[in-house]
Structures are given as structure tokens and as C-alpha cells.
Amino acid sequence: MTSSASSLSASSADVTNGIAQSDGLTPRWTPEAVIPPEILKLPAPLSFFRILRFLKIQRRTGWLNHGIRVENAESIADHMYRMAVMCLLVPTEEKLDSRKCAMIALVHDLAEALVGDLTPMDPVGAEEKHRRERETILYLANQLRPLNPTASAELTDCYFEYEGQTTPESRFVKDLDKFEFLLQTAEYEMDVKAKIESKDVDLKSFWYAREKIMHPLVKQWTNQLMLERTEVLGEELT
């Protein structure tokens with residue numbers, strides 16, 4: 001699910017099958033080093049569109065690490081898409097720019113198309129992870145700037161707004177990120193109940209995230225989700 005390569009000879013398999021395997025071979029990770037050459041040579045925006053595909057085919061690492069089968073594991077794009085639709089449904093009384101929220105949701109994990117969905121268990125430290133993500137966003141924005149400078153600027157602004165948590169919209173989307181994660185967790189747990197997944201799957205540890213949700217509306221949605229989970233599974237979270 002994570003990605004890297006040691007040279008411009010990277011293949012599509014390199015991009016999707018694991019950053020740790022080749023990190024030791026390259027002194028400094030760059031976006032260009034992991035983009036397959038057949039995509040590097042394409043003009044924008046086609047090259048950008050091709051890179052977006054990696055978000056559709058890369059599965060979220062946490063699910064795979066906790067026993068969810070790859071064919072049932074959520075992709076990075078799945079996660080961002082549902083978040084973006086949630087943003088569009090924000091009630092007007094919340095006084096949030098729903099379009100900006102949706103843009104932030106669609107951009108917040110965009111860099112993972114090339115960086116991969118790294119976890120603390122991967123041999124890449126937090127500082128290096130953030131460097132790679134920043135370089136990827138700037139690389140993609142530079143590719144788009146000649147074609148549409150407004151869109152390029154909005155892409156980078158939304159990404160850094162989310163990273164810095166500098167606005168009500170970015171903080172709301174941060175809570176939605178946690179809520180969507182918990183929603184997917186509950187869905188997998190209820191799938192286990194329906195014998196779709198192995199009964200050995202245990203995702204209870206993920207529910208720590210509910211304590212970090214601050215926005216009242218997202219807290220309300222989380223409480224509703226927990227009630228549904230209790231009804232279906234016949235157990236309450238401690």
C-alpha cells in the first residue's frame with residue numbers, strides 16, 4: 001500500500017507495493033523518483049490524472065495491518081470521497097464554508113498517492129513523512145500551475161490549511177477524518193458480525209479516536225454511530 005523507488009526506473013508495482021523495500025537505496029526521496037516513467041513524460045493534466053489513480057488502488061494500511069482482507073480494504077480515495085460528501089451536507093447554521101471543507105477533504109491525503117499511507121510502524125519517521133508529503137503537494141501544484149494557477153494555489157492552500165489547523169474549516173475536516181475512520185471501523189465490525197470477515201478481526205483499539213473529536217456536530221454523529229454499533233453487536237465500548 002505504500003510506495004517508493006530508488007530511481008526513475010520505478011514501475012507501477014513500486015508505487016503500490018511498499019516504501020520500506022527501497023528506502024535504503026536512495027539518499028533522498030523525491031516525488032519524481034516514484035512516478036513511473038510512462039507517467040512522468042505525459043503533459044499536465046493527464047499526468048496528474050494518472051497519479052490520482054494511485055489513490056484508488058492503494059488500500060489504507062491500518063485495515064490491512066489489522067486483518068481486513070485486501071479485497072475488502074478501503075482505498076485512500078474511498079476515505080477522501082466519503083469525507084468530501086459529508087462536508088457538502090454541513091448545515092448552514094454551522095457557519096462553515098462547505099465547499100472549502102470539501103476541497104480540504106479531497107486534498108488532505110492527496111500526497112499519499114506517491115508517499116503511500118505510512119503508519120508509525122513503517123521505517124519512515126514523522127518528520128520525513130511530512131517532508132515527503134509537502135514535496136509531493138508542491139510538485140503536483142507546480143505541474144498544474146501553467147494550466148490553471150487558481151486551482152494550483154487552492155490545492156496548496158487547502159493542504160497547508162489542513163496541516164496547520166488554522167481555520168474552523170480545517171479543524172472541522174480534521175474531526176471528520178476521525179469520524180469517517182470510526183464509521184469505517186464500525187462497518188467492518190458489523191461485517192464481522194455478518195460473517196463477511198474473519199471473527200479474528202479486532203478493531204476495538206481504533207475507537208480511541210472518538211475522544212479526540214471536538215466539533216459538536218461530529219460528536220453527535222459519533223454518538224449516533226456508537227448507538228448503532230451497540231445495537232448490532234450487542235456490546236458497549238468501554
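For the structure, see preceding data.
Residues numbered from 1 in each chain as written. Predicted model: local features only at pLDDT ≥ 70, side-chain atom pairs only at ≥ 80, totals over all residues. Heavy atoms only, no water.

Student: Can you walk me through the layout of surface pockets in this structure?
Tutor: Rolling a probe over the atoms, with the probe sized like a water molecule, indicates the empty space that remains. Its boundaries defined by the atoms lining it, the largest pocket holds a volume of some 1000 Å³. For the largest pocket, the lining is made up of 30 residues, of which Arg 60, Asp 117, Leu 118, Asp 177 and Tyr 208 are closest to its centre. Broken down by secondary-structure element, the contributors of at least two residues to the lining of the largest pocket are α5 (61-65), α9 (126-144), α10 (149-164) and α11 (168-193). Here the lining of the largest pocket gets four residues from one element, more than from any other, and that element is α11. Among the residues forming the lining of the largest pocket, the class breakdown is 13 nonpolar, six polar and eleven charged. (1 Å grid on protein atoms, 1.4 Å probe; cavity = no way out; pocket = protein on both sides within 12 Å on 5 of 7 lines; lining within 4 Å. Points joined across faces, edges and corners; volume = space filled by probe spheres on them. Helix = DSSP H or I, 4+ residues; strand = E, 2+ residues; numbered from the N terminus. Nonpolar A, V, L, I, M, F, W, Y, C, P; charged D, E, K, R; others polar.)

Student: Just to check I follow, could you spell out the nonpolar core for this structure?
Tutor: A general trend in soluble globular proteins is that nonpolar side chains are found buried together. Formed by 63 residues in total, the largest nonpolar core has its most connected members in Ile 51, Trp 63, Phe 172, Val 173, Leu 176 and Phe 179. Among the elements of the structure, α4 (46-57), α6 (76-88), α7 (98-107), α8 (112-115), α9, α10, α11 and α12 (216-233) are those that each provide at least two residues to this core. Considering each element in turn, this core owes the most residues, eleven residues, to α11. (Core = buried A, V, L, I, M, F, W, Y, C linked by side-chain atoms within 4.5 Å. Buried < 20%, exposed > 50% of the residue type's maximum accessible area, 1.4 Å probe, protein only.)

Student: Would you take a moment to explain the packing of aromatic side chains for this structure?
Tutor: Two descriptors summarise a pair of aromatic rings, namely the distance from one centre to the other and the angle between the planes of the rings. The tally for this structure, following the rule as stated, stands at seven aromatic pairs. Between the aromatic rings of Trp 63 and Tyr 188, the centroid separation amounts to 4.9 Å while the plane-to-plane angle is 70°, which identifies the pairing as edge-to-face. Of this pair, Trp 63 sits in helix α5 while Tyr 188 is found in helix α11, placing the two residues 125 residues apart along the sequence. Looking at Trp 63, the relative accessible area reads 2%, which means it is buried. Given a relative accessible area of 3%, Tyr 188 falls into the buried group. Judged by centre distance (5.1 Å) and plane angle (85°), the rings of Tyr 159 and Phe 160 are edge-to-face. (Phe/Tyr/Trp six-rings, centres within 6.5 Å; stacked < 30°, edge-to-face > 60°.)

Student: Would you take a moment to explain the packing of α9 against α10 for this structure?
Tutor: How two helices sit against one another is set out by the angle between their axes and by the gap between those axes. For the pair α9 and α10, interaxial distance at closest approach is 8 Å and the crossing angle is 165°. By the angle between their axes, α9 is roughly antiparallel relative to α10. α9 and α10 meet at a crossing whose hand is right-handed. Here His 130, Glu 133, Arg 134, Ile 137, Leu 138, Ala 141, Asn 142 and Leu 144 of α9 come into contact with α10, specifically with Pro 149, Ser 152, Leu 155, Thr 156, Tyr 159, Phe 160 and Glu 163. A per-class count over the contact of α9 with α10 returns eight nonpolar, four polar and three charged. (Axes fitted to C-alpha atoms, helices over the stretch in contact; angles between N-to-C directions. Parallel < 35°, antiparallel > 145°, perpendicular 65-115°, else oblique. Left-handed = near helix turned anticlockwise from the far one by under 90°. Contact = heavy atoms within 4.5 Å.)

Student: For this particular structure, what's the right way to read α4?
Tutor: Side chains three or four residues apart in an α-helix point the same way, a direct result of the helix having 3.6 residues per turn. Between the first and last C-alpha of α4 there are 18 Å, a value that for twelve residues agrees with the 16 Å anticipated at 1.5 Å per step. Within the span of α4, buried status applies to Ser 47, Phe 48, Ile 51, Phe 54 and Leu 55. Buried residues along α4 cover an arc of 110° about the axis, so they all sit on one side. (Expected span 1.5 Å × (residues − 1). Arc of directions from axis to C-beta.)

Student: For this particular structure, what's the right way to read the pattern of salt bridges?
Tutor: Pairing is possible between side chains of opposite charge, provided their charged atoms come close. This structure, assessed with the given rule, holds 17 salt bridges. Close ionic contact of Lys 100 with Glu 161 constitutes a salt bridge, the shortest N to O distance being 3.3 Å. Highlighted residues: Lys 100 in helix α7 and Glu 161 in helix α10, separated in sequence by 61 residues. A salt bridge links Arg 229 to Glu 235; the nearest nitrogen and oxygen atoms lie 3.0 Å apart. Residue Glu 235 is classed as partly exposed on the basis of its relative accessible area of 29%. One salt-bridge network, held together by shared partners, links Arg 28, Glu 128, Arg 131, Arg 132 and Glu 135. (Salt bridge = Lys/Arg side-chain N within 4 Å of Asp/Glu carboxyl O.)

These values are about where atoms sit, not about what they do.
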